[in-house]
Amino acid sequence: MHEKMNAKMEAREINFYYGAVRALKNINMSITGNTVTAIIGPSGCGKSTFIRLLNRMHELVAGSRVEGHVYLDGKDILDPTIDAVDVRRSVGMVFQKPNPFPKTIFENISYGLTVNNVRDKDYIEAKVVESLKKAALWDEVKDRLKDNALRLSGGQQQRLCIARCLAVGPEVLLFDEPCASLDPISTGKIEELMLELKKNYTIVIVTHNMQQAARVSDTTGFFLMGELIEFGKTQDIFTAPKNKQTEAYITGRFG
Amino acid sequence: MLRKFKEFVIEKLILLCGIASVIFVALIFVFLLKEGLSVFKFVRIGEFLAGRSWYPISEPAQLGILPLILGSLWVTFGAAVISVPIGLGCAVYIAEIAPGRTKEVLKGGIELLAAIPSVVLGFIGMVTLVPLVKNVFHLSTGLTGLSGSIILAFMAMPTIVSIAEDALYAVPKSYKEGAFALGATHWQTIWRVLLPAASSGIVAAVMLGIGRVIGETMAVMMITGNSAVIPRGLLEPLRTLTATIAAEMGEAVVGSEHYFALFAIGIILFIISFAINVTADLFLHKHK
Ligand SMILES: Nc1ncnc2c1ncn2[C@@H]1O[C@H](COP(=O)(O)OP(=O)(O)OP(=O)(O)O)[C@@H](O)[C@H]1O
Ligand SMILES: [Mg+2]
């Protein structure tokens, strides 16, 4: 057991390999509960690799290998005796491209419950409504729950994916560039939503948008070529970065 | 100038090929219709389709093809019952579960199965399967519908597996990721997300597999026993539409009612195959 005050999640000495290629080098990061942590860095630096590791989604990639520990409430979730399915129910993930299932809005959200063997219809219904409300989508879809989810706009689809994730009852939410395919208005809605969700969840978000990182996050980590170059309070990173490379990146002087 | 001329010639040649193939199909169809429909000068359509006895060379000839239709249906049904679950299971295994090497080996095996000529399958069935069926079920002969169904299942399997597998691959990877991220197990993901998302392609796979079975001739002729009586189950000898044409066309006198009746059976087979292919096509396009 590994205990640390206030750290909801903690990555310890993480090395990650795609076959022989080392994609993450000795990463240590401590994520405080009920905060938003932004992960920034140039393309290919390992941001997605890192957050996918936090709920063991990396296991979908054949030939990948991880060393080190990731603690959730002090428990090592990379431990092979722990079921990845349980980890993913506690640590949810929303992807870059909204990926609702080709089913109705209702079914999209109830899916996560039914795979968890929830059968109580009333409970499911209540949970669907609750999740849609939490994801700030309820007012827009309450009259069309039986519509195919693919008919929603991109921004609505992304909030549906968030609702779907919330319905399972996670404690941590991972967002991998959730606004990359959205217009500014939808992006604004998602950012607002994150600030709201932070009250009850711990959030980690990968973003290429510096303003977004500055607006929504409390803590920021800057990755470069598989290394965590700088990690600290967002305010400090954006106003007084300690590292030259961090400064170059956030001011846009970086390739 | 010369280049333009070349282009022109090539273009026209291709056009000609296209037109020719359409004309051939049309000619075949017209010929089939003309010969086949002539049978109804001798027998009413109702008697032909629902007649219970097929004695084409007795005097007077009895041209009821119900036993043949039922023979085809029984064999096809049996083959579908065997090949659809196994074929789909195999497709899911290849597309989702099998590790790299196993996948390649399996795919190779399936392709090999598709490459075995049907007469060879029929022959193998004759010497291995027929005695087996006879012994297992204590029958007087192993030349039964069941033997035919099993061999036909082998023929339908490659079609079903490869098309269903393509359909599964065509499901966006993001669906799978989405399901996994919600804490679904691999099996829940396959059953509740991947298979439904691939359903139209899978229906097409099944239809095309069945289409292959209905049109198959050689193997069924060799091992179903070829008795044109109304079958009451798969453990009896029976005879299919296709086997009837193949077995009797050689001895039918050109222009006789028997001859026309065989063509009429051809029309029926044509209609069935056409309907199956169109349905499969509809599902495949819905998929896109
Ligand atoms: N499935 C994979 N197989 C092999 N290498 C991979 C795989 N996925 C990513 N990589 C490599 O690992 C490194 C990190 O990739 P990753 O996707 O984590 O970057 P990223 O920071 O998320 O980039 P982006 O901002 O473009 O999304 C890259 O060099 C990439 O080429
Ligand atoms: Mg990425």
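This write-up is about the structure you can find in this document. Just so we're clear, the structure is a prediction, and the values are computed from it rather than from any experiment.

Rules of the game
Residues numbered from 1 in each chain as written. Chains lettered and ligands numbered in written order. Predicted model: local features only at pLDDT ≥ 70, side-chain atom pairs only at ≥ 80, totals over all residues. Heavy atoms only, no water. Helix = DSSP H or I, 4+ residues; strand = E, 2+ residues; numbered from the N terminus. Buried < 20%, exposed > 50% of the residue type's maximum accessible area, 1.4 Å probe, protein only. Contact = heavy atoms within 4.5 Å. Areas by Shrake-Rupley, 256 points an atom, 1.4 Å probe, with all protein chains shown as cover. Lys, Arg positive; Asp, Glu negative; His and termini not counted. Charge placed at Lys NZ, Arg CZ, Asp CG, Glu CD. Pairing = 2+ DSSP bridges. Core = buried A, V, L, I, M, F, W, Y, C linked by side-chain atoms within 4.5 Å. Near = heavy atom within 4 Å. Polar contact = N/O pair within 3.5 Å; in protein donor to acceptor, adjacent residues only side chain to side chain. Patch = residues over 30% accessible without salt bridge, like charges linked within 9 Å, V, L, I, M, F, W, Y side chains within 5 Å. Salt bridge = Lys/Arg side-chain N within 4 Å of Asp/Glu carboxyl O. Buried area = accessible area lost by both parts, 1.4 Å probe. Nonpolar A, V, L, I, M, F, W, Y, C, P; charged D, E, K, R; others polar.

### Quick notes on the overall build of chain B
Each helix and strand in chain B was counted, giving 12 helices and 2 strands. Its C-alpha atoms give chain B principal-axis dimensions of roughly 75 × 75 × 35 Å. Residue burial in chain B is summarised as follows: out of 288 residues, 43% are buried. The contacts of chain B with a sequence gap of at least 6 include a subset with a gap of at least 24, amounting to 72%. Accessible surface, chain B: about 15,000 Å² in total, of which carbon and sulfur atoms supply 72%. Both charge centroids of chain B, one from 20 positive and one from 17 negative side chains, sit 6 Å from each other.

### What to know about the pairing of strand 10 (residues 227-233) of chain A
As defined by bridge partners, strand 9 (residues 219-224) of chain A adjoins strand 10 of chain A across 6 bridges and the pair is classed as antiparallel. By the bridge assignment for strand 10 of chain A, A:Gly221 is matched with A:Phe231.

### Focus on the environment of A:Phe222
Residue and element names in this part refer to chain A. Turning to its location among the elements, Phe222 is positioned in strand 9. Taking the C-alpha atoms as reference points, Phe222 and Gln211, separated by 11 residues in sequence, lie 14 Å from one another. Not counting the four nearest positions on each side in its chain, Phe222 is found in contact with Ile40, Gly41, Pro42, Glu227, Leu228, Ile229, Glu230, Gln245, Thr246 and Tyr249.

### Brief notes about the nonpolar core
Residue and element names in this part refer to chain A. Within the largest apolar cluster, 43 residues are counted, with the highest numbers of intra-cluster contacts made by Leu132, Leu160, Ile162, Leu173, Phe175 and Leu197. Once you skip the residues sitting within four places of it in the chain, Ile162 turns out to touch Val94, Ala135, Phe175, Ile190, Leu193 and Leu197. Grouped together as the second largest cluster of nonpolar side chains are 33 residues, Ile27, Ile31, Ile51 and Val172 included.

### Remarks on the site of ligand 1
Residues and elements named next belong to chain A. As a structural note, the neighbourhood of ligand 1 is formed by Tyr18, Ala23, Ser43, Gly44, Cys45, Gly46, Lys47, Ser48, Thr49, Val61, Glu177 and His208. Between a nitrogen atom of ligand 1 and a side-chain N or O atom of Tyr18, the distance comes to 3.4 Å. Here an oxygen atom of ligand 1 and a backbone polar atom of Gly44 are 2.8 Å apart. Contact with the protein chains removes 59% of the 630 Å² of surface that ligand 1 exposes when unbound.

### A few points about a nonpolar patch on the surface
Residue and element names in this part refer to chain B. The grouping of Val119, Val120, Phe123, Ile124, Met126, Val127 and Met218 at the surface amounts to a nonpolar patch, some 550 Å² of accessible area in total. The dominant element in the nonpolar patch, judged by the number of residues it contributes, is helix 5 (residues 118-136), at 6 residues. Turning to its location among the elements, Met218 is positioned in helix 10 (residues 218-223).

### Brief notes about the interface of chain A and chain B
The interface of chain A with chain B comprises 23 residues on the first partner and 16 residues on the second. Contact between chain A and chain B buries roughly 1,700 Å² in total, counting both sides, with carbon and sulfur atoms accounting for 63%. Its largest share of buried area at the contact with chain B, chain A owes to A:Phe101, A:Tyr111 and A:Val115, together 28% of the area lost on that side. The interface formed by chain A and chain B holds 1 salt bridge in total. Taking the shortest distance from any N to any O, the salt bridge between A:Arg52 and B:Glu177 comes out at 2.5 Å. The tally of links from chain A across to chain B stands at 7 residue pairs in polar contact (both at pLDDT 80 or more). Residue classes in the side of chain A that touches chain B are distributed as 13 nonpolar, 5 polar and 5 charged.

### Some words on unusual backbone geometry
Cis geometry is found at the peptide bond from B:Glu59 to B:Pro60, where omega equals -5 degrees. Look at A:Ala136: it is not a glycine, yet its phi comes out positive at around 55 degrees. Since its relative accessible area comes to 42%, A:Ala136 is described here as partly exposed. Positive phi is not limited to glycine here, since B:His138 has a value of about 50 degrees. Checked against the element boundaries, B:His138 lands in the loop between helix 5 and helix 6 (145-169). Its relative accessible area of 71% is what places B:His138 among the exposed residues.

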